[in-house]
Amino acid sequence: MLAFSLALIASCIRDKENTIRFSSWQSSPSEKRLTDSLLHCFAKKYPEYKVKFELIPGNYSEKIQLMLGTHSAPQVFYIKDFVAPSYLRYDVLQPLNEYIDKDTSFDIDDFYPQFLDAFTKNGKIYGIPKDFGCFVLFYNTDMFKAAGINDPPKDWEELEEFSRKLTKDTNGDGKIEQYGIVVEPSIDKLMPFVFQNMGSFQDKDGNLTLNTPEFQEALEYYYGLYKNNIATIPTDVSMNNTEEVFGRKRAAMVISGGWFVPQLKDQYTDVNYKVAFLPKGKQMATIAFTVSYSSPKENLLKEETWKLLSYLTGKEGMKVWTSTGIAMPTRKSVAAQLDYIKHPEYKYFMGSVDFARVFQVEYNERWYSITQSAMQAIFYEKADIPQKLKEMEDDMKSLRIKK
Amino acid sequence: MKRNSSTKKEQQFWAYTFLFFPLMLLAIFVFIPILFSLVISFFDWELMASQQNFLGINNFIEIFGDKIFYKAMLNTVLYTIGVVPIQTMLALFLAFVMNQKIRGRTFFRTAFYIPAVTSSVVTSIIFVAIYSKEGLLNSILGIFGFAANDWLTNPHTALISIMMLNIWTTSGYFMVSFLAGLQNIPNSLYEAAKLEGATKRQQFWHITVPMVRPVTYFVVVMSLIGCFQVFDQVFVMSDGGPNNATTTMSYYVYQNAFRYFRLGYGAATAIVLAGIIMIVTVIQKKYFPPNPY
C-alpha cells in the first residue's frame, strides 16, 4: 500500500518534468522493435527531448479513456479509426490544425485524404494517421493450380465459381478437407461486400441503411458461400481465426490484411500464396484500417508533443516505420520513395487506396455487439436475414451519437 | 471496577489501531466504490465528458425495457439452477467418499481439489480446446456415433458447456468444506446406527446429510453468489456469444461499463444484480435456515 501510494506520488511528480509520455499497444515483437528504433531515431535527431514509452498491453481503448477521464493521459497515443468517433464527440483531444499550419515542412496535403478524414471533425484534425492496412484477397497458388485455375477471382460470380471448384474432399472420407474460402460471422469481413454492392452501414446524415436491398443482397451472398458449403468458418475447423485456416491449408482463399504477411513468412512457410484485389461486385471496394497518433487537450508540453508527433508522422519517421512493410504509408511521397506502388505484393495494398474506405460508425460502441450477435444468429442459428436486418436497425436506433 | 473499564477502553483502542489499516484498504477499494457506483447509477456517466448528466431513475427504467438484460437474467437464473444443486450434491458425495478409508485417498483428494486452485482463465482455455469442433469431447462422443457439435458456438449448448466447466472446477473446492463438516460428526452416531443395523446409504441420508446442514447452507450461499457473478469463464470462452446465449448479468454489467462506456447504465445494472442476490439470500435464509434444530 505504502509502495503503491509512493508510486502514485512519484508518477504525479514525473508528469511535471519535461518528459513526453507515449503510449501504444503492441501486436507483435517486430512492432516493438520498430517502435524502439523509431524512438531511437528521434532521440538521435532531437537529443534535447526526453520521450518515455509506456506500453499498454491489453484493453487499450478502455485504459486510454480512463486516463483521459482522470486527466493522466500520455502526451501521444494511438487511436484506431474504428473507435475514433467516440473520442471526437468529446472535447478531449487536441486539434492539431494550428501546428500543421505553422510547420511548413509537415506538408499535410501529402496524406491520402480518406485516412485524414477518419480523424477530422468539423474541419479540425484530431490525429495524424501513422499507417494503414486494408483487406485484400490471399490465395493459395498450389490449390489454384491443382484446380486448374490461373488467375484470382475478379468478380462475385468468379469468387463463387472458384470456391466451388476449390472445395474438395481430398482424402475421400466423405468430409470436406479443403474449402474454397474461409469467412467469419463478423461485420468487418462483410462490409467490403456491402460497399461493393453500392450499399453502406449508414447514409450521409447518419441514418442506418442496413434494411436496404443493397445491404441485404451482400449479406445473402456472403452467407450463401457458407450455406452452400463452399466456405468454412474458423470454429467449424477448430481454429481461432481465418488466417490460421488459410495457413493450415484448410481453405484456398482468405480475406486479410498486410499484418498477415509476416505470419505467412514466419509461421506458414510451406504455403505458396499470392495477393490480389478483392473481387469486384457492382464496383471495386474494400475497407481500410488506419491508426492515428493523437494528443490530449490537457497537456503542458504542447510544443514538445508536436515535435514528436510531427517526426513520427513526418516523411522521415514514416519511412522508418513503414520500411519493413508491416503497415503501409499514409503519405504519397513515402509510398513513392519506398517503391511500394510497384512492389509485387504491396502494390495491391497501395492500389486499394483508390477505392478503400475507412469503416466508422457513429453509434455507441454497443452497435458492434448488436451486429455481432445478429451475424452469429444468421451463421449459427440460420436466422432469417431480412428480419434480422430490421431487428438490428430497431435495436441500434437509440444508440446514435448526438452531435 | 474502574480498572476494568479502562482495560476495555485500552483494548478497544488497540483493536481499532490494528483494524485501521485493513479497514482503510476495504474502504478505499470496496466500500467507497460501492457507494460511488450507487451515485453514478443515477447519471449518464461518461468517462471523457466534462460534465455528467443527471438522469434520475432513467437508467433503471431503461433496464426494464432492455431485451438483452432479460436474456442475461434468464441465462443467469438457468445457470444457477443448473449449477448449484449438482455442484452441492457432487461436492457432498465426493466428500463422503473421500472420508471413507479407501486406498489412494490423498491422491483423489488432491486430484479433485486441483481445479479449484487452478486459475479460471487457464481452465477456461483448456476447455475451449476440449469443446471445439475437432476437440477431445467430440472425438470421445464420436466413438459412440454422435455427430460433432461445436459446443461453444452452438447457442443451445454454449451455456451448458460453461455450466459443466464450473461444476467441475468448484465441486472440489466445496468438497473440502464438506470434508471439514464430515469430520466434525461424532463417530458415535455412526456406531449407534451400525448397531441398529443401518446400511451405508441409510447412514448417509439420515446422519451425514442432516449433520452437515450448516456446511450445506454455507456451500449453497457461496455457490449461489458465485453463480450470479459468473464472469471469467464467459469472458474467456465465449464473450457472451453466440447471439447472447452466454451473456450473464455480471458480464452484461461489464459490457455496458467498459465496452460501451456507459458507466451509469452499467452501475445501474450492477445494483439490480446486487438487489437480486440479496433477495435470493434472504429468501434462502428464511426458508432454509442453516440450523433448524
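This is a predicted model, so every value here is computed, not measured. (Residues numbered from 1 in each chain as written. Chains lettered and ligands numbered in written order. Predicted model: local features only at pLDDT ≥ 70, side-chain atom pairs only at ≥ 80, totals over all residues. Heavy atoms only, no water.)

**Description of the overall build of chain A**
Filter applied, for reference: Here a strand is any run of E in DSSP of at least two residues, a helix any run of H or I of at least four, and the numbering for each starts at the N terminus. Each radius of gyration reported is based on C-alpha atoms, and the globular scaling rule is 2.2 Å times the count of residues to the power 0.38. Only protein chains enter the accessibility calculation, which uses a 1.4 Å probe. A residue is then buried if its area is under 20% of the maximum for its type, exposed if over 50%, and partly exposed in between. What makes two residues a contact is simply this: any of their non-hydrogen atoms within 4.5 Å. Charge counting treats Lys and Arg as positive and Asp and Glu as negative, with His and both chain ends excluded. Note on charges: their place is set at NZ of Lys, CZ of Arg, CG of Asp or CD of Glu.
Helices and strands together make up the secondary structure of chain A, namely 18 helices and 13 strands. Here the C-alpha radius of gyration of chain A, 23 Å, is about what a compact globule of 403 residues would show, namely 22 Å. Along the three orthogonal principal directions, the C-alpha set of chain A runs to about 70 × 50 × 45 Å. Counting over 403 residues, chain A shows a buried share of 56%. Here the analysis covers contacts within chain A between residues at least 6 apart in sequence; of these, 73% occur between residues at least 24 apart. Between the centroid of the 50 positive side chains of chain A and the centroid of its 54 negative side chains there is a distance of 3 Å.

**Section: the pattern of salt bridges**
Residues and elements named next belong to chain A. We count it as follows: We define a salt bridge as a contact between a side-chain nitrogen of Lys or Arg and a carboxyl oxygen of Asp or Glu at a distance within 4 Å.
Per the stated rule, a full pass over the model turns up 28 salt bridges over all chains. A salt bridge links arginine 331 to aspartate 110; the shortest N-O distance between them is 3.1 Å. Residue arginine 331 is found in the loop between α14 (315-322) and α15 (332-337), and its partner aspartate 110 is found in the loop between α5 (97-102) and α6 (113-117); the two are separated by 221 residues along the sequence. Arginine 331 gets classed as buried once you look at its relative accessible area, which sits at 0%. Classification of aspartate 110 as buried rests on a relative accessible area of 7%.

**A short note on the packing of helix α4 (residues 105-117) of chain B against helix α7 (residues 158-183) of chain B**
The description of two packed helices rests on the angle between their axes and on the distance between the axes. Residues and elements named next belong to chain B. Just so we agree on the cut-off: In this description, a line fitted to the C-alpha atoms serves as the axis of each element, helices being fitted only across the stretch in contact, and the angle between N-to-C directions of two axes falls anywhere from 0 to 180 degrees. We call two directions roughly parallel when the angle between them is under 35 degrees, roughly antiparallel when it is over 145, roughly perpendicular when it lies between 65 and 115, and oblique otherwise. Two helices crossing with the near one rotated counterclockwise from the far one by less than a right angle form a left-handed crossing, whereas a clockwise rotation gives a right-handed crossing. Charged residues are taken to be Asp, Glu, Lys and Arg, nonpolar residues to be Ala, Val, Leu, Ile, Met, Phe, Trp, Tyr, Cys and Pro, and polar residues to be all remaining types, Gly included.
It is the contact of α4 with α7, at a shortest axis distance of 6 Å, that shows an interaxial angle of 125 degrees. Viewed along their axes, α4 and α7 adopt a mutual orientation that is oblique. Considering how the two elements wind past one another, α4 and α7 form a crossing that is left-handed. Residue-level inspection shows Arg109, Phe112, Tyr113, Pro115 and Ala116 of α4 in contact with α7, the latter providing Trp168, Thr169, Gly172, Tyr173, Met175, Val176, Leu179 and Gln183. For the contact of α4 with α7, a count of residues per class yields 9 nonpolar, 3 polar and 1 charged.

**A short note on unusual backbone geometry**
Residue and element names in this part refer to chain A. Positive phi is not limited to glycine here, since methionine 198 has a value of about 65 degrees. With respect to the helices, strands and loops of the structure, methionine 198 is situated in the loop between α9 (187-196) and α10 (213-227). Located in the positive-phi region is asparagine 229, a residue other than glycine, with phi close to 65 degrees. Tracing the backbone shows asparagine 229 in the loop between α10 and β9 (231-232).

**Overview of the domain arrangement of chain B**
To keep it simple, the criterion reads: The domain boundaries here were taken from an automatic or database domain assignment.
In terms of domain boundaries, chain B breaks down into domain 1 (2-40) and domain 2 (66-287). Each of domain 1 of chain B and domain 2 of chain B has a C-alpha centre, and the two are 34 Å apart.

**A look at helix α10 (residues 213-228) of chain B**
Residue and element names in this part refer to chain B. The criterion, for reference: Here the expected span of a helix is defined as 1.5 Å times the quantity of residues minus one.
Compared with an ideal rise of 1.5 Å per residue, which puts 16 residues at 22 Å, α10 spans 22 Å between its outermost C-alpha atoms and is within 8% of the ideal. Taken residue by residue, α10 has Val215, Tyr217, Val219, Val220, Val221, Ser223, Leu224, Cys227 and Phe228 as its buried positions. Among the structural elements, α3 (67-98), α7, α12 (249-259) and α13 (263-287) are those in contact with the buried residues of α10.

**Some points on the side chain of threonine 371 of chain A**
Relative to the assigned elements, threonine 371 of chain A resides in helix α17 (residues 366-381). If we skip the residues at most four places from it in the chain, threonine 371 of chain A touches Ile187, Phe201, Met392 and Met396 of chain A.

**Some remarks on the confidence of the model for chain B**
To keep things clear, this is the line we draw: Per-residue confidence from the predictor is given as pLDDT, running between 0 and 100.
Scored by pLDDT, chain B comes out at a mean of 88, with 97% of its residues at no less than 70. Per-element averaging of pLDDT across chain B places strand β2 (residues 53-54) of chain B at the bottom with 86 and α3 of chain B at the top with 92.

**Observations concerning the interface of chain B and chain A**
For interface size, the figure often reported is the accessible area lost on association. The line we're drawing: Accessible area that two parts lose when put together, with a 1.4 Å probe and added across both, is what the buried area reports. Definition of a polar contact: a pair of N or O atoms within 3.5 Å, with one able to donate and the other able to accept a hydrogen when the atoms are protein atoms, and with sequence-neighbouring residues admitted only if both atoms are side-chain atoms.
On the chain A side, the residues contacting the 32 residues of chain B number 29 residues. For the pairing of chain B and chain A, the buried interface totals around 2,500 Å² over both sides, and the portion due to carbon and sulfur atoms is 55%. Three residues stand out in chain B for area buried against chain A, namely Met48, Asn243 and Tyr260 of chain B, and they jointly supply 29% of the buried area on that side. Counting the contacts that link chain B with chain A gives 5 salt bridges. The shortest N-O distance in the salt bridge between glutamate 46 of chain B and arginine 89 of chain A comes to 3.4 Å. Here chain B is connected to chain A by 13 residue pairs in polar contact (both at pLDDT 80 or more). Counting residues per element, the ones that place at least two in the side of chain B that touches chain A are α1 (2-40), α3 and α12 of chain B. By residue number, the principal contributor to the side of chain B that touches chain A is α12 of chain B, which donates 6 residues.

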